[in-house]
Amino acid sequence: MITVPAGGAVEALRRSADEDWAAAVGHRFVEELFAGTVPDEVMATYLIQDYQFFEDFLAMLGACVAHADRIEAKLRFARQLGFLEAEEDSYFIRAFAEVGVSPADYADPVLLAPTAGFRDVMKGAVASASYPDLLVVLVIAEWLYLDWGELEREMPTRDVHVGWIDLHRGEDFAAWVQFLVDELERVVPRGDDAEAVATRDRLTALWGRAVGLERAFFDEAYRSQDS
Ligand SMILES: Cc1ncc(CO)c(N)n1
């Protein structure tokens, strides 16, 4: 469970795109992931696209090492980079083999629209060199995944499903998400001066765009199979 101060910046952001957030957390993909019934073809499409997402995500963490305003935060991002190299990358490689995706298929795929959208958003956040902008995108990506990862359901049996759920739940992942949320709360400018208001407006627009992309990312994994 993630806690945010009542009346704070993160609570306001979280509320600003609640419909897309709830639609993503309650998505058919999530239901089928826990049930172990995501068709392998859909899982393959999702993972191929998500491996591209993962690459830009790593760049955002690197940018946080560069642009966070405190050494404690830089070190936390550095630690997470090590974890992702050790645990998440190895999941992808195992999962690709399990659903029959070859290295040639995942090396340089055509990007589906939500993946391209995320690439724009994440590259934009990296290029901005703005720690608050980077945090907005990271908080969404990680908190939204923790929200569904923590659903109390019976677990599936295949590694491709269990592994993806396990990466997005548990004490360590929740502590990482709480850290991101706390950092965002700390660095969003307060006050009613024009600059603070303009920054909050920019962050709110970014929040809305990225939450919409999370929902679309799940939708898109099914689209090629439905048509
Ligand atoms: C699209 C997407 N959003 C969030 C996460 C979790 O960081 C992920 N792996 N993929």
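Residues numbered from 1 in each chain as written. Predicted model: local features only at pLDDT ≥ 70, side-chain atom pairs only at ≥ 80, totals over all residues. Heavy atoms only, no water.

A look at unusual backbone geometry
Now for step 1: Here A129, not a glycine, exhibits a phi torsion of approximately 55 degrees, which is positive.
Now for step 2: Here A129 lies in the loop between α7 (113-128) and α8 (131-149).
Now for step 3: What makes A129 partly exposed here is its relative accessible area of 36%. (Helix = DSSP H or I, 4+ residues; strand = E, 2+ residues; numbered from the N terminus. Buried < 20%, exposed > 50% of the residue type's maximum accessible area, 1.4 Å probe, protein only.)

Re the site of the ligand
Now for step 1: Around the ligand, the neighbouring residues are D50, F53, F57, F118, A141, E142, Y145, W164, H168, E214 and F217.
Now for step 2: Y145 places a side-chain nitrogen or oxygen 3.4 Å from a nitrogen atom of the ligand.
Now for step 3: Relative to its unbound accessible surface of 290 Å², the ligand loses 98% to contact with the protein.
Now for step 4: Mapping the ligand onto the cavity grids shows that it belongs to the largest cavity.
Now for step 5: At the level of secondary structure, the elements contributing two or more residues to the shell around the ligand comprise α4 (40-67), α8 and α11 (194-226).
Now for step 6: Class assignment for the residues of the shell around the ligand results in seven nonpolar, one polar and three charged. (Near = heavy atom within 4 Å. Polar contact = N/O pair within 3.5 Å; in protein donor to acceptor, adjacent residues only side chain to side chain. Areas by Shrake-Rupley, 256 points an atom, 1.4 Å probe, with all protein chains shown as cover. 1 Å grid on protein atoms, 1.4 Å probe; cavity = no way out; pocket = protein on both sides within 12 Å on 5 of 7 lines; lining within 4 Å. Sits in = over half its atoms within 2 Å of the grid points. Nonpolar A, V, L, I, M, F, W, Y, C, P; charged D, E, K, R; others polar.)

Side note on the packing of α4 against α8
Now for step 1: At a minimum axis separation of 10 Å, α4 and α8 run at an interaxial angle of 140 degrees. Judged by the angle between their axes, α4 and α8 are oblique. Considering only the axes of α4 and α8, their crossing is left-handed. Contacts between α4 and α8 involve Y46, F53, F57, M60, L61, A63, C64 and H67 on the former and, on the latter, Y131, L134, V137, L138, A141, E142 and Y145.
Now for step 2: Taken together, the residues of the contact of α4 with α8 break down into 13 nonpolar, one polar and one charged. (Axes fitted to C-alpha atoms, helices over the stretch in contact; angles between N-to-C directions. Parallel < 35°, antiparallel > 145°, perpendicular 65-115°, else oblique. Left-handed = near helix turned anticlockwise from the far one by under 90°. Contact = heavy atoms within 4.5 Å.)

Regarding the layout of surface pockets
Now for step 1: Of the volumes computed, that of the largest pocket is approximately 200 Å³.
Now for step 2: Of all the secondary-structure elements, those providing two or more residues to the lining of the largest pocket are α5 (71-98) and α10 (171-187).
Now for step 3: By residue class, the composition of the lining of the largest pocket is five nonpolar, one polar and five charged. (Points joined across faces, edges and corners; volume = space filled by probe spheres on them.)

Here we look at helix α2 (residues 18-25)
Now for step 1: Residues W21, A24 and V25 constitute the buried set of α2. Angularly, the buried residues of α2 cover 95 degrees about the axis, an arc narrow enough to put them on a single face. (Arc of directions from axis to C-beta.)

Digging into the side chain of E32
Now for step 1: Looking at the element boundaries, E32 is found in helix α3 (residues 28-35).
Now for step 2: In this structure E32 comes out as buried when scored by relative accessible area, which is 16%.
Now for step 3: Within the structure, the side chain of E32 is placed 2.8 Å from the side chain of Y222, a separation counted as a polar contact.
Now for step 4: Those residues within four positions of E32 in sequence are excluded, and the remaining contacts are T37, V38, P39 and Y222.

A few points about helix α9 (residues 159-166)
Now for step 1: Taking burial as the measure, the eight residues of α9 include six buried ones, the bulk of the element.
Now for step 2: Listing the buried residues of α9 in full gives V160, H161, V162, G163, W164 and I165.
Now for step 3: In this fold, the buried residues of α9 make contact with α3, α4, α5 and α8.

A look at empty space enclosed by the protein
Now for step 1: Within the structure shown, the criterion is met by two cavities of 30 Å³ or more.
Now for step 2: The wall of the largest cavity is formed by 14 residues, among which D50, F53, E88, E142 and H168 lie closest to the centre.
Now for step 3: Put simply, the parts of the chain that give the lining of the largest cavity at least two residues each are α4, α5, α8 and α11.
Now for step 4: Tallied by class, the residues present in the lining of the largest cavity amount to nine nonpolar, one polar and four charged.
Now for step 5: Lining of the second largest cavity is provided by T45, Y46, Q49, L112, P114, T115, F217, E220 and A221.

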